[in-house]
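Each chain, written out:
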Amino acid sequence: MTGNLLRRPCVPTFAAALCLWCLALPVPATAQSGPQSDPGLRLIESRELTPAGFPLVRALGVGSPPAVDGDVLGDPAYDDAMLATGFVQSRPFEGQPASERTEVRIVYDDDTIYFGVVCYTDDPGTIIVADSRRDSELTETDSFRVILDTYLDGQNGFVFGTNPAGIEYDAQLTNEGQGSGRFGGWGGRPGNNRQQRGSGGGLNVNWDGAWEVVTRVSDIGWTAEIAIPFRTLRYPTADVQTWGVNFQRNIRFNNEQVYWSPLPRQFNLNRLSLAGELQGIAVPPQRNLQLTPYLLGSTLRRTETRSRSNTGDLGADLKYSITPSMTLDLTANTDFAQVEVDDEQVNLDRFTLFFPEKRPFFLENAGLFSVGQSGAVDVFFSRRIGLGENGEQIPIIGGGRLSGKVGNNTNIGLLNMQTAAIGQVGDENATPGQNFTVARVRQDLANRSNVGAMVVTRNGTGDLAVGDDGNQTVAVDGRWGIGQGGTVSGFLADSGAVDDLVSAGPGGSHALGLSAQHQSERARLSLGFTEVAPDFNPEVGFLARRSYRRVNGSVFTTWRPQNFMGVHELRPHVNHFTVFDFATGAHETQFTHIDNHIEWRNGYEVHTGVNVTREGVFLPFEIFPGVWVPPGQYDHSEAQIAGNTNLGAPVSFNVNSIVGGLFGGERVTLTPSIAARAGETFNAVLEWSYNDLRLPGGDFTTNLIRLRTSYSFNTRMFFQALVQYNDRADLWSSNLRFGLLSDANTGLFVVYNDIQGLGRGLDGRQYIPPGAGRTITVKYSYLFDLLR
């Protein structure tokens, strides 16, 4: 079936050359060279299809709901439910029936929709459970996911998942996941701007809904019962509805991914336009009013002043469903004390580092407010609200967000937030209060297409605001889906006057981007152009660099040999981008990456790459204290080798290395890491990032060490620790968190933060980094479902 979905273009000849070049590499021993059983002995079960050829399943209304105890086969509520089965592999053997049988039964009552899942396993001893924390990754563990396209628009939906330990994994999907990752290479150096998990315009894993899952492991495999209240979802107003749906099961021992509605290898569960249908759902009228108050107490000891202070606070969030598809969120005295701190980064360039949003209030419906290119040109970047340039907190008095759909295809969003003033009139470091407003509309069109507009404003408020203290950015954007494989997308924004939206002069205050991609089973092709004018200044957005024009292109090919030394996939590819100075047209950055990834069926992987770089430095900059890079053009090449062992094993290793030239000198970068786990309860990752630079202006090394551990007492109670050592920033920090969770990630949190300096400064005095000190915070929140 998958072979008819997309046509396969000819693979460029350079891909074959790269493939042959990499075949001489040593091959680790493989755990298996084929599927558990002969694929020819299994047939994909016949099942009912839609007129378009996609599988369908009907939900069954029941008077007595399931018990939600994990016993799917023993619960009479599922006896008459239609069976969704016949899963098909995407990997390792695309198009073949799944090596293990999976059954899904769907029933609903007046309040909740239930999914009864049976994951048969011939040998239950092969079941791998890697984690039991809420929202932990489901890739390196046995797992099950369901995606619901409640508007049947083929673009937006909700994801719910679990593993045999019974974790709750949920996410919001926008634009089939497009825009959820950073646009690689914007800083000009590989590995320089590592994105942390948390934010994203396409797939938002930090959305937390109120739902329930219970699992069981037995001699037949493992089962799961997923209960999702209708009030957790958003859907149209029709009495009886049809939703898009797909299911994914990971059978980690076989390194196998299978789907109910088959997907070609280049797509994943987010590809809603290829999902099946869930028919016959008689939805109830949406009645949803949730109040989440919190109480907080903290004690702070400042290192610099050796002072101690104790504070207490309270606040609340309110969520109200105006219609089944329109939600109002209000927040008062907003607090994010339970959020994990940022990962430290080392900047070896002259451009701005990107730190993603992690605060829950701003992450819900984040995809709707995403315009531009994530991590490079963000028209709206929510970290500008309530966080200073160095990550310090600015009190948020409150605000609100209205988001949802008008009809089935028009998305609207309105956000308004007010921050408090800091200091008094006359204080040198006083900061005025700020009011932020974001208005967004997007019209979804056929075949993964849409068009939209957004306005972002910031205005200073109160006595500390001086003169015309404000900023406004307007933007339009769109996406055009061409068939199943092609996409053209773009945006146009301006931070000046509306009549200057497109400047014909040498300068201007605009930014624009245009990109085209095509995906097939054998290749992913992309071309792009970006322009940021000198005066483009989105003060509530993010820019990695200013005043430039950028062109980029890539060819990423995929080969799956039938039987070759246990190799699952070969991925030879080439990426290139060039950045020109907007005013002069001079080369600012040029980067060409030639690489091949080799992945074996046992989970081992090796990447072998060569980078050819050019950096045009127009103004001197300090790359390290006392080490300056002078203006000039720097041409270099470097080798890049990376690899990992089986990431699903109890102990795994990962390493990335870069050796070559940088800014007229030499550079060695090593980033090894080791991960260990004990069942689903204990996880630990130790990472080390080492840089050794020998430059004309001086030599230096940097070390960044990060230890991340977690222990889960059960799926609702955990302890996490993040300890970081950064000699470039002269600090070490620790973030310890204990959580006892209730619905929608509310509950009790105890958080300990400690930031200290490493040694003495250039004047011989003890160095004290900004914000140094120790903080203990206790926070309790509870979700009251007022209309339940």
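Q: Can you explain the overall build of the protein? Please cite residues and give values.
A: The number of helices and strands found in the protein is two helices and 45 strands. The proportion of buried residues among the 788 residues of the protein is 55%. Pairs at least 24 apart in sequence give 62% of the contacts found in the protein among residues at least 6 apart.

Q: Please give an account of the pairing of strand β36 (residues 632-644) that cites residues and values.
A: Where strand β33 (residues 605-617) meets β36, 13 bridges bridge the pair, whose relative direction is antiparallel. What sits directly across from T608, in β36, is I641. Bridge count between β36 and strand β37 (residues 651-662): seven bridges; the pairing is antiparallel. Looking at the pairing, G643 lines up with V655 of β37.

Q: Can you tell me about the confidence of the model for the protein, naming the residues and giving the values?
A: The predicted model of the protein averages 87 in pLDDT, with 89% of residues at 70 or higher. Throughout residues 498-505 the model reports pLDDT below 50, and contacts reaching past four residues in sequence, or to other chains, amount to twelve contacts.

Q: Can you explain the pattern of salt bridges? Please cite residues and give values.
A: As enumerated under the stated definition, the model contains 42 salt bridges in all. Between R58 and E48 there is a salt bridge; the shortest N-O distance is 2.6 Å. Of this pair, R58 sits in strand β1 (residues 56-58) while E48 sits in the loop between α1 (13-22) and β1, and the two are ten residues apart along the sequence. Classification of E48 as partly exposed rests on a relative accessible area of 37%. Ionic pairing is found between R614 and D635, a salt bridge with its closest N-O pair at 2.7 Å. Of this pair, R614 sits in strand β33 while D635 sits in strand β36, and the two are 21 residues apart along the sequence. For R614, a relative accessible area of 24% gives the class partly exposed. Accessibility expressed as a relative area gives 42% for D635, which makes it partly exposed.

Q: Talk me through the nonpolar core; I want residue IDs and the actual numbers.
A: Counting 37 residues, the largest nonpolar core has F115, L148, W243, F247 and L278 as the members making the most contacts within it. Elements represented by at least two residues in this core include exactly β5 (102-108), β6 (112-120), β7 (143-149), β8 (157-162), β12 (221-229), β13 (240-251) and β15 (276-282). Discounting chain neighbours no more than four positions away, the residues touching L148 are F115, N156, G157, F158, F160, I228, L233, W243, G244, V245 and L278. Counting 31 residues, the second largest nonpolar core, distinct from the first, contains I385, L415, V532 and V540.

Q: Any details on the packing of aromatic side chains? Residues and values, ideally.
A: Per the counting criterion, the structure on display carries 23 aromatic pairs. Relative to W207, the ring of F160 lies with its centre 6.0 Å away and its plane at 70°, an arrangement referred to as edge-to-face. A residue pair is termed long-range when its members are at least 10 positions apart, and F160 in strand β8 and W207 in the loop between β10 (203-204) and β11 (212-218) qualify at 47 residues. Here F160 and W207 have matching classes, each one buried. Aromatic ring contacts, followed pair by pair, group F87, F115, F144, F247 and W260 into a single cluster. The cationic tip of K405 hangs over the ring face of Y151; the distance from NZ or CZ to the ring centre is 4.5 Å.

Q: Could you give an account of the environment of V476, with specific residues and numbers?
A: The topology assignment puts V476 in strand β25 (residues 470-482). For V476, a relative accessible area of 38% puts it in the partly exposed group. It is 9.7 Å that separates the C-alpha atoms of V476 and R440, two residues lying 36 residues apart in sequence. Ignoring anything within four residues of it in the chain, the contact list for V476 reads G452, A453, G490, F491 and L492.

Q: Could you give an account of the sheet that holds strand β29 (residues 542-543), with specific residues and numbers?
A: Note on sheets: strands pair through backbone hydrogen bonds, and any given pair is parallel or antiparallel. Read across the open sheet, the three strands follow the order β19-β20-β29; overall the sheet is antiparallel. Each of the sheet's edge strands pairs with one partner strand only, and the pair in question is β19 (372-373) and β29. Note: strand β20 (residues 377-378) against β29, two bridges, orientation antiparallel. Bridge assignment links D378 to a residue of β29, and that residue is F542.

Q: Lay out the side chain of R479 in plain terms, naming residues and giving numbers.
A: Along the chain, R479 falls in strand β25. The charged side chain of R479 is buried without a salt bridge, its nearest counter-charge being E176 at 4.6 Å. In this structure the side chain of R479 is engaged in a polar contact, spanning 3.3 Å, whose partner is the backbone oxygen of N175. Filtering out sequence-adjacent residues up to four positions away, R479 remains in contact with Q155, N175, Q178, R448, S449, N450, T487, V488 and S489.

Q: How would you explain a nonpolar patch on the surface if you had to name every residue and give the values?
A: On the surface, a nonpolar cluster with roughly 780 Å² of combined accessible area is contributed by V651, F653, I674, L686, W688, I705, L707, V723, Y725 and L758. Elements supplying a minimum of two residues to the nonpolar patch: β37, β39 (682-695), β40 (698-714) and β41 (717-726).

Q: Hey, could you go over the environment of S742 for me, with residue numbers and the actual values?
A: Locating S742 in the fold gives a position in the loop between β42 (731-741) and β43 (747-757). Considered as a pair, S742 and A210 are 532 residues apart in the sequence and their alpha carbons are 9.2 Å apart. Setting aside residues no more than four positions away along its own chain, S742 makes contact with R716, G747 and Y782.

Q: For unusual backbone geometry, give the residues involved together with the corresponding values.
A: Across residues other than glycine, the phi torsion is negative in most instances, and most of the peptide bonds are trans. In this chain, R91 is followed by P92 through a cis amide linkage whose omega measures 5°. Structurally, P92 is set in the loop between β4 (88-91) and β5. At M565, a position not held by glycine, the phi torsion is positive, near 55°. Looking at where M565 falls in the secondary structure, it is placed in the loop between β30 (548-557) and β31 (567-581). The class of M565 is partly exposed, set by a relative accessible area of 49%.

Q: Run through the side chain of E599, naming residues and quoting values.
A: Considering the arrangement of structural elements, one finds E599 in strand β32 (residues 587-600). E599 gets classed as buried once you look at its relative accessible area, which sits at 7%. Only 3.0 Å separates the side chain of E599 from the side chain of R571, close enough to count as a polar contact.

Q: Give a description of the pairing of strand β22 (residues 410-419) that names residues and reports values.
A: Where a strand is regular, its side chains alternate between the two sheet faces. In terms of burial, β22 is a largely internal element, seven of the ten residues being buried. Across ten bridges, the pairing between strand β21 (residues 396-406) and β22 is antiparallel. Bridge pairing in β22 places I396 opposite T419. Count of turn residues in the β21/β22 antiparallel hairpin: three residues, of which G407 carries a positive phi of about 75°. Relative to strand β23 (residues 433-445), β22 is paired through ten bridges, and the arrangement is antiparallel. The residue bridging M417 from the neighbouring strand is F436, located in β23.

About the cut-offs
Along every chain, residues carry numbers that run from 1 in the direction the sequence is written. Residues qualify for local features only when their pLDDT is at least 70, as the model is predicted, and side-chain atom pairs are given and counted only at 80 or more; totals for whole chains, interfaces and linings, by contrast, use all residues. Where side-chain values are given, they derive from all heavy atoms of the structure, hydrogens and water being excluded. In DSSP terms, a helix is any run of H or I states spanning at least four residues, a strand is any run of E spanning at least two, and both are numbered starting from the N terminus. Buried residues are those whose accessible area, probed at 1.4 Å on protein chains only, stays under 20% of the maximum for their type, while exposed residues exceed 50% and partly exposed ones sit between those limits. The criterion used for residue contact is that any of the two residues' heavy atoms lie within 4.5 Å. Paired strands, as defined in this entry, are two strands with at least two bridges between them according to DSSP. Known as pLDDT, the predictor's confidence for each residue is given on a scale from 0 to 100. Whenever Lys or Arg places a side-chain nitrogen within 4 Å of a carboxyl oxygen from Asp or Glu, that contact is recorded as a salt bridge. Among buried residues, those of type Ala, Val, Leu, Ile, Met, Phe, Trp, Tyr and Cys that are joined through side-chain atoms within 4.5 Å constitute a nonpolar core. Only centres within 6.5 Å qualify two rings of Phe, Tyr or Trp (six-membered ring in Trp) as a pair; their planes then separate them into stacked at under 30 degrees, edge-to-face at over 60, and tilted for everything else. We call a charge positioned above a ring when the Lys NZ or Arg CZ atom is no farther than 6 Å from the ring centre and deviates by at most 35 degrees from the ring normal. Neither His nor the chain termini are counted; the positive set is Lys and Arg, and the negative set is Asp and Glu. Contacts described as polar in this section are N or O atom pairs within 3.5 Å, which, within protein, must combine one atom able to donate a hydrogen with one able to accept it, while residues neighboring in sequence count only if both atoms come from side chains. Patch membership is restricted to residues that have no salt bridge and whose relative accessible area is over 30%. Joining uses 9 Å for like charges and 5 Å for the nonpolar side chains Val, Leu, Ile, Met, Phe, Trp and Tyr. What sets the accessible areas is the Shrake-Rupley method with a 1.4 Å probe; for residues, cover comes only from the shown protein chains.

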